[in-house]
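Close look at the chain arrangement
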Amino acid sequence: MSKIIATKAIRGAHSLVSRAENELKLAIANKGPETKVEFPNTGYFLPISHGILGLKIETLAGLQELLQEARNLLPPIPEKEKWLPFLGHTMDAGMAALFADEIIEAIKYTQNPLPYLTAANPDDSNLWLGAANDVIMRERGIEFVDGTAPGFAACVGYCPTNELAVKLARELQEKNLYVFMSAGADGKSMASQLREEGIQLGWDTRLVPFGDDVTATIHSLGFATRVALSFGGAQPGDFQRVLRYNKNRVFAFVLALGPVDDEKHAQAAGAINFGFPTISETDIDQILPSGICTYEHVVSPVSLDKIVAKAIEVRGLKLNITKVPIPVPYGPAFQGERIRKEDMYVELGGQERLGFEYLTTKELDEVEDGKIEVIGPEIDDIPSGSKIPIAIWVEVAGREMQTDFEPILERYIHDFINAANGVFHMGQRDINWIRIGKDTKDKGFKFRHFGSILHAKLHGEFGKIFDKVQIRIYTLEKDIKALIGKARKVYLKRDARLADMTDEAVDTFYSCALCQSFAPNHICIITPERSGLCGAYNWLDGKAAHKISPAGPNQPVKKGKVIDPNKGQWKDINTFVYNNTHKTLEIFNAYSIIEDPMTSCGCFECISCILPSTNGIMSVYRDYMGMTPVGMKFSTLAGTVGGGAQTPGFIGHSKQYISSKKFISAEGGAPRIVWMNRALKEELEPILREIGKSMGIDKYYESIADETVAVTEEEVLEFISQKKHHALSMPPLF
Ligand code: SF4
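Attention in this report is confined to the structure presented alongside it. Bear in mind the structure is a predicted one, so any value in this text is a computation, not a measurement. (Residues numbered from 1 in each chain as written. Predicted model: local features only at pLDDT ≥ 70, side-chain atom pairs only at ≥ 80, totals over all residues. Heavy atoms only, no water.)

For the structure shown, the criterion picks out 34 salt bridges. Linking R19 and D213 is a salt bridge whose minimum nitrogen-to-oxygen distance equals 2.7 Å. Of this pair, R19 sits in helix α1 (residues 3-31) while D213 sits in the loop between β3 (207-211) and α8 (218-231), placing them 194 residues apart in sequence. A relative accessible area of 24% means that R19 is categorised as partly exposed. D213 gets classed as buried once you look at its relative accessible area, which sits at 18%. Three or more residues joined by partner-sharing salt bridges are found here, namely R19, E23, E105, K108 and D213. (Salt bridge = Lys/Arg side-chain N within 4 Å of Asp/Glu carboxyl O. Helix = DSSP H or I, 4+ residues; strand = E, 2+ residues; numbered from the N terminus. Buried < 20%, exposed > 50% of the residue type's maximum accessible area, 1.4 Å probe, protein only.)

Before going further, it helps to examine empty space enclosed by the protein. If you walk through the whole model with that rule in mind, you get four cavities of 30 Å³ or more. Here the largest cavity is characterised by a volume of approximately 100 Å³. As for the largest cavity, its lining consists of 16 residues, and the residues nearest its centre are K264, H265, A268, A269 and V298. Sorting the residues of the lining of the largest cavity by element identifies α1, β4 (253-257) and α10 (262-273) as the ones contributing at least two each. (1 Å grid on protein atoms, 1.4 Å probe; cavity = no way out; pocket = protein on both sides within 12 Å on 5 of 7 lines; lining within 4 Å. Points joined across faces, edges and corners; volume = space filled by probe spheres on them.)

This next bit is on the sheet that holds strand β5 (residues 278-280). The six strands lie next to each other as β3-β2-β1-β4-β5-β6, forming an open sheet whose pairing is parallel. Both edges of this open sheet fall to β3 and β6 (298-299), since each of them pairs with a single strand only. As paired elements, strand β1 (residues 152-157) and β4 share five bridges and run parallel to each other. Looking at β4, one finds that A153 is bridged to F253. Together, β1, β2 (178-182) and β3 form the strand contacts of α8, whose direction differs from that of β1 by roughly 160 degrees. (Pairing = 2+ DSSP bridges. Contact = heavy atoms within 4.5 Å. Axes fitted to C-alpha atoms, helices over the stretch in contact; angles between N-to-C directions.)

This next bit is on the packing of helix α4 (residues 87-108) against α10. Between α4 and α10, whose axes approach to 7 Å, the crossing angle comes to 105 degrees. In this view, α4 runs roughly perpendicular relative to α10, as classed from their interaxial angle. Seen from α4, the contacting residues are T90, M91, G94, M95, A97, L98 and D101; seen from α10, they are A266, Q267, A269, G270, I272 and N273. Split by residue class, the contact of α4 with α10 holds seven nonpolar, five polar and one charged. (Parallel < 35°, antiparallel > 145°, perpendicular 65-115°, else oblique. Nonpolar A, V, L, I, M, F, W, Y, C, P; charged D, E, K, R; others polar.)

Once that is clear, we can look at the site of the ligand. What surrounds the ligand is the set C512, L514, C515, C524, G532, L533, C534, C601 and C603. A per-class count over the shell around the ligand returns eight nonpolar, one polar and no charged. (Near = heavy atom within 4 Å.)

Looking now at the side chain of K441. Following the sequence through the fold, K441 ends up in helix α13 (residues 438-442). According to the relative accessible area criterion, K441 is buried, its value standing at 18%. Sequence-distant contacts of K441, defined by excluding residues within four places in its chain, comprise Y345, I379, D380 and I436.

Let us now look at the side chain of H219. Along the polypeptide, H219 turns up in helix α8. The exposure class assigned to H219 is buried, which follows from its relative accessible area of 4%. Only 2.8 Å separates the side chain of H219 from the side chain of E105, close enough to count as a polar contact. When residues no more than four places from it in sequence are discounted, the contact partners of H219 are F39, E105, Y116, G130, A131 and F210. (Polar contact = N/O pair within 3.5 Å; in protein donor to acceptor, adjacent residues only side chain to side chain.)

Attention now moves to the environment of I465. The residue I465 is located in the loop between α14 (448-462) and β14 (468-474) in this model. It is 8.8 Å that separates the C-alpha atoms of I465 and F405, two residues lying 60 residues apart in sequence. If we ignore the near neighbours within four places in the chain, the residues touching I465 are E400, M401, F405, L409, K547 and I548.

Here the focus is the sheet that holds strand β20 (residues 606-611). What the four strands build is an open sheet, ordered β22-β20-β21-β23; its pairing is mixed. Strands at the two margins of the open sheet, each flanked by one partner only, are β22 (650-653) and β23 (673-676). Adjacent strand axes in the sheet meet at a mean angle of 25 degrees, parallel and antiparallel pairs treated alike. In terms of strand pairing, β20 meets β22 through four bridges, oriented antiparallel.

This structure, assessed with the given rule, holds zero disulfides. Of the cysteine sulfurs around C159, a residue in no disulfide, the closest is that of C155, at 7.3 Å. (Disulfide = S-S within 2.5 Å.)

Now for the environment of K31. If you trace the backbone, K31 turns up in helix α1. Its relative accessible area of 40% is what places K31 among the partly exposed residues. With residues near it in sequence (within four places) discarded, K31 still touches L60, T110 and Q111.

This paragraph deals with unusual backbone geometry. Residue P113 is bonded to the preceding N112 through a cis peptide linkage, with omega at 0 degrees. Along the chain, P113 falls in the loop between α4 and α5 (134-146). The step from S300 to P301 runs through a cis peptide bond, and the omega angle for that step is -15 degrees. Within the secondary structure, P301 is located in the loop between β6 and α11 (304-315). Despite not being glycine, N615 has its phi angle at roughly 60 degrees, a positive value. Counting through the fold element by element, N615 comes out in the loop between β20 and β21 (616-621). Taking relative accessible area as the criterion, N615 reaches 13% and is therefore assigned buried. Phi is positive for K699, which is not a glycine, with a value near 50 degrees.

What follows covers the environment of K264. Along the chain, the position of K264 falls in helix α10. Taking relative accessible area as the criterion, K264 reaches 8% and is therefore assigned buried. For the pair K264 and T215, spaced 49 residues apart in sequence, the C-alpha to C-alpha distance is 9.2 Å. Within the structure, the side chain of K264 is placed 3.3 Å from the backbone oxygen of P259, a separation counted as a polar contact.

This is how it looks when you write it as structure tokens:
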């Protein structure tokens, strides 16, 4: 390999380690060695030192150990005459640079004001977001596991023009990749260029501005490390597993944009340890032989118009993208976009106007595949700022199509339409709400393109279960009024079908093993009355998914002989669970929180756990960042409960499960809930009131505590005692 590139990387690492040493000395002198250091809301400490070395650094003094590790790794700067072409030294230097980065970034979190915004998206006050919290990491990291996002591009530096920065970002977004931005230079960075062009940045759009400093690049690799710890089953300190998981499962690469100095060379060397190659726009020395990375390690120079394709080739990334024939970029990265009122060309449906979307099955000869009709004015026929009604009517036909599949396909209308750049979609059924941006209209987007999207995506995702699809878009109120009643009748029928379904009424449940890629011993058993932990799969979805992919992760499982109807235990389900959890779980109770409960993977919507002194349980939704009465925040609780373990007293579950009659029915059901985080409690208010009413419990809803009245178990007990909560009169939990 080239001596020049190795020398630059090693020199860069020396420079970063010296900077870390100086800044640490200064910080300890000014603030004291016991000053706390932590990235926001994470159970993974400082992720690189935790994942690679197993360290649990919590104070400035603790950073000294990491600094020593960095110093130990630093190889000498190559001499002019003697040079051994050894990649190992360059990689050691890269790892030393990453340790130094982490020290420098950790010190930033002791500063006041904090240089970063602790939020998912930037605001006008601050562009830079720094380290992601665990809620974001779990939400987004799972996409690397389930394939929704194949990986990320760590973009360091800036593009020659703002226009090229936008083009690059859009191309990466269309490939479903996350774009992590850091390391500005000359007063510019890719993130600032995008902001100047009015591009929406943040986790919602997958365009994540980590920080302007070169050391902020560590937040990309820290994120990757946490994904390996959280989803890859790697233990802290098992650096080989962390690095191998990333090489094999997280398809990431570095794009070096603009000038590449020694410190950026050191970042590239650090990334190689993870199997992430660097593709440089600037002409720098290359490292072409394969070894650590799948193919080449550093490739340059590559022009910006070819850099994404080259990076995908060098990283060995296989993309499976359905081409959607519309005049704007398309991909899941655009699903988080918001269209502000002032940027909106037209609003369809929403609270003040009629709107609905509906998918139904027809006979094969009644459907002309690809036929799209707009009945009523097209977008060109209405002035900017208009608000009009909308109906999206989809008819599918196919020998494998069943009416049971209709709501599943219909539910995807939201995801599919939302993935168009500059189109915002909310809601479903008769509460849909769509906005189309002015730019999107200027680029030629029409209402008929809703049909183009649905035709391409429904075929792409569900082509196995139907053969033809035709779409009608209605934009005149009289037509929509005439049709909405029919759709509403069907919605009610579907609800009644699922609402009426009980676990006793079926002889087959469905499994879901999707999360085994990161929690190998976890399996969800989805019953009509207990949806998957993530809330994304109910029994009908499991059935449909099995039909679509018979060898896939959703398998029908016969219940067999009932062992305990109260706890939810069946002979054949036990056997299936045992055989499909690597023989780790012999007994499984679907309705109990205490005795042999279902395992939890990591993507559950809620966690419930017992609060012993209250004779009840608490339930917390994953968005809640505060402390809970069990003495742990959600992120710590998730670390305790998740990973495929059976943890008596704790369960991960969907939000919808709380409304089920089978919700911990072995312990007395929902009346055991004594604390919920307020947002969850308010969202479920009608359901909770209904439960109270049906069980004859007076003021049940009012007797549930939340964080505004109690954050410790003692406070919960005091509150529920005052309110005479029903749980206090129930049989003891133990
Ligand atoms: S939580 Fe359960 S249902 Fe949801 S994807 Fe994971 S295994 Fe499947």
